[in-house]
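If you want the building blocks of each chain, they are given just below.
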Amino acid sequence: MTVRVSRRFAASCVFAALLCVPRAGAQDLLISLSDPATLAGQAVSDTEILRLAAGGPAQPCLNAAALRVYFGDRNGDGTLDDPNDIDAIDFVDVPGLPMPTGLTFSLLADQAGFKDGDLLHFDPSGPGNVSVVVSEGFLVQALEVVDGNIDVDALAIADDGTIYFSLAEDELLGLAQVVMQDDDVAVLPQGAVKALPFLPGTVFEAAASKALGKNVVIGDLRGLEIDGNDLLFQIQSPSDQDASVFSTKNGGVLVAGFEESKLGFAENVETDALAYAPSQSFPVLAATPAKPISGAMTTLSIRGLTPSQPFVVLAAQALAQGGMSAVFPGFGALVLEPGDPLFLASLANLPALIGVASPTGDGSFLAPAPGATGVPLDVVVQVVELASTNLSNPIVVEINQ
Ligand SMILES: [Ca+2]
Ligand SMILES: [Ca+2]
Ligand SMILES: [Ca+2]
Ligand SMILES: [Ca+2]
């Protein structure tokens, strides 16, 4: 027996009182997948962050290549590391800083000294610097988790700093032996060391049931965002709705245009993270192959460009460190080291580095990978649109590695 039901009234009062910051209008969302899938013929990993506008389809946003740059070389072996599956996100626009620095996220599993219950962010001090915003240990103490171990798997941070989060598994809490289930939502006000009574998963199950017009068992709560007095959420079950965005609005609705059927994937997909998107979108850059040998033809692919407009490819051998970024629209910052010889050389050869986007906003650029045979070389690349000066994400082409 648990006291979960008897806490429902108190939780409902908290629910009404705390969700009081309105947001205006329909807004794009960020999502992440639980498993790899294929979108418009391109592989999407379960770590990547995708952008979703009402009606879809999903578009790449923070792709695997950009995440490697910002996650950095975590184990010190000289090459960049991929974060393991990201399973919780919140996003706040930070003007003048690269887009990833507005992201708070949690990993699916412990990695490189980070815990799967830590809330992490990409530090503004530069790509590759990752900080713990709130540690798993702090959250364990705030909830009084008996076994001392949690995995955060859904996250929303209110404008007043209140943290809403869900756990990946049921956990026994405190001396009262309360069970917090994996579809419940913990509430931790800004500055508090103890969590408030959690929001019961029965609220979300009832909302999903009302939205779908039938009684459903939602399983785990996988994604969470705040929408004025309501919460947006994503669920584990049923499988034909486990990538849909639901709202507690009016007792429960599917958010129009954000149903699973609109995402546009080749496969049946499930999502595991949800947040509001940046106000600005940006061209998304990737290289194929990501790790060429010197001389190998390498394709830079760009999606989300302004249709039919020219863009230029900029390259450097180093990332700008510590406040040296230049502010531009789109991705938010040029992070190429401005004094780098390759960067200066690319500026001197700009006409050769100009491409033109297709009428659908795609671009590509083909070049042989530079460098001496067998010698490891990193080349950082960003693309900038000439008219709008919108920047793409950076990538690092890891040559001979
Ligand atoms: Ca994911
Ligand atoms: Ca996690
Ligand atoms: Ca943990
Ligand atoms: Ca959960």
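Quick notes on the rules
- Residues numbered from 1 in each chain as written.
- Chains lettered and ligands numbered in written order.
- Predicted model: local features only at pLDDT ≥ 70, side-chain atom pairs only at ≥ 80, totals over all residues.
- Helix = DSSP H or I, 4+ residues; strand = E, 2+ residues; numbered from the N terminus.
- Contact = placed C-beta atoms within 7 Å.
- Pairing = 2+ DSSP bridges.
- Axes fitted to C-alpha atoms, helices over the stretch in contact; angles between N-to-C directions.
- pLDDT = per-residue confidence, 0-100.
- Domains from an automatic or database assignment.
- Nonpolar A, V, L, I, M, F, W, Y, C, P; charged D, E, K, R; others polar.

S.K.: Help me out: how do you make sense of the environment of L50 in this one?
M.R.: Summarising the element assignment, L50 is placed in strand β4 (residues 49-52). The spacing of L50 and S244 is 194 residues in sequence and 14 Å in space, taken between C-alpha atoms. Apart from residues lying up to four places away in sequence, L50 is in contact with L30, I31, S32, V44, A58, Q59, P60 and C61.

S.K.: In this structure, what is going on with the sheet that holds strand β15 (residues 196-199)? I would like to understand it.
M.R.: Strands in a sheet are paired, the pairing made by backbone hydrogen bonds, and the direction either parallel or antiparallel. An order of β10-β11-β14-β15 is seen for the four strands of this open sheet, with the pairing classed as antiparallel. Each edge of the open sheet carries a strand with a single partner, namely β10 (152-157) and β15. Strand-to-strand twist in this sheet, taken as the mean axis angle between neighbours without regard to direction, amounts to 25°. Pairing of strand β11 (residues 163-167) with strand β14 (residues 185-188), which is carried by three bridges, proceeds in the antiparallel orientation. Considered in β14, the bridge of Y164 is made with V187.

S.K.: Would you explain the confidence of the model for the protein in this entry?
M.R.: Close reading of the predicted structure is inappropriate where its pLDDT is low. Considering every residue of the protein, the mean pLDDT works out to 91; 92% of them sit at 70 or more. Low pLDDT, under 50, characterises residues 1-25; the predicted model gives this stretch 35 contacts beyond four residues in sequence or across chains.

S.K.: How should I be thinking about unusual backbone geometry in this particular structure?
M.R.: Following S237, the chain continues to P238 via a peptide bond in cis, the omega torsion being 5°. Here the bond from T288 into P289 is cis, since omega is -5°, no more than 30 degrees from zero. For A40, which is not glycine, the phi dihedral falls at a positive 50°. Positive phi, normally seen in glycine, also occurs at T389, with a value near 55°.

S.K.: Which parts of the structure should I look at to understand the domain arrangement of the protein?
M.R.: Interface size is often expressed as the accessible area that is lost when the parts come together. Taken as a whole, the protein is organised into domain 1 (8-276) and domain 2 (284-399). Here the C-alpha centroids of domain 1 and domain 2 sit 31 Å apart. In this complex, domain 1 contributes 17 residues to the contact, which on the side of domain 2 involves 20 residues. Listed by contribution, the elements that provide at least two residues to the side of domain 1 that touches domain 2 are β5 (59-62) and α2 (64-71). Its residues assigned to classes, the side of domain 1 that touches domain 2 comprises ten nonpolar, six polar and one charged.

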